[in-house]
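Working through the structure, step by step
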Amino acid sequence: MNDILEPDILIAAVNNNIDVKNAFAVLRDKISDEYDDNPLYANKVSSNAIVIAKKIINANLCKTKIGFDDYKSVHNFIVKNDLYLKSDAKNELLDNFK
């Protein structure tokens, strides 16, 4: 069964919140594209963006290139995007494997 998104996430999406924007960038594995568009303003992906990305997947709203339950997929994602991830985001990604 699919989960539904909480109202605060929907409101954040309508308001073009950076965490929602980063969540979709994570799911599409296009984080670097966001930084290439604006290299002077580097807002790294936070753990909140990862949590939102997981909720979007649980609601079955988007396909993803990263398997949050697959260690190899998560590890490869972190290695590829290390420059763009805050440490709390990396911890959130690896939380399932501790």
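Residues numbered from 1 in each chain as written. Predicted model: local features only at pLDDT ≥ 70, side-chain atom pairs only at ≥ 80, totals over all residues. Heavy atoms only, no water.

1. What to know about the side chain of Ser 46
- Structurally, Ser 46 can be placed in the loop between helix H3 (31-37) and helix H4 (47-58).
- Given a relative accessible area of 9%, Ser 46 falls into the buried group.
- The contact partners of Ser 46, leaving out residues within four places of it in the chain, are Asp 19, Lys 86, Asp 88 and Ala 89. (Helix = DSSP H or I, 4+ residues; strand = E, 2+ residues; numbered from the N terminus. Buried < 20%, exposed > 50% of the residue type's maximum accessible area, 1.4 Å probe, protein only. Contact = heavy atoms within 4.5 Å.)

2. Quick word on the environment of Glu 92
- Position of Glu 92 relative to the elements: it lies in helix H6 (residues 87-94).
- Linking Glu 92 and Ser 47, residues 45 residues apart in sequence, is a C-alpha distance of 5.8 Å.

3. Let's talk about the confidence of the model for the chain
- Averaged over all residues, the pLDDT of the chain equals 86, while 88% of them reach at least 70.
- Ranking the helices and strands of the chain by mean pLDDT puts H6 first, with 97, and H3 last, with 68. (pLDDT = per-residue confidence, 0-100.)

4. Notes on the side chain of Asn 22
- As for its placement among the helices and strands, Asn 22 is situated in helix H2 (residues 18-28).
- Relative accessible area serves as the criterion here: at 3%, Asn 22 is assigned to the buried category.
- If we skip the residues at most four places from it in the chain, Asn 22 touches Asn 43, Lys 44, Val 45 and Ala 49.

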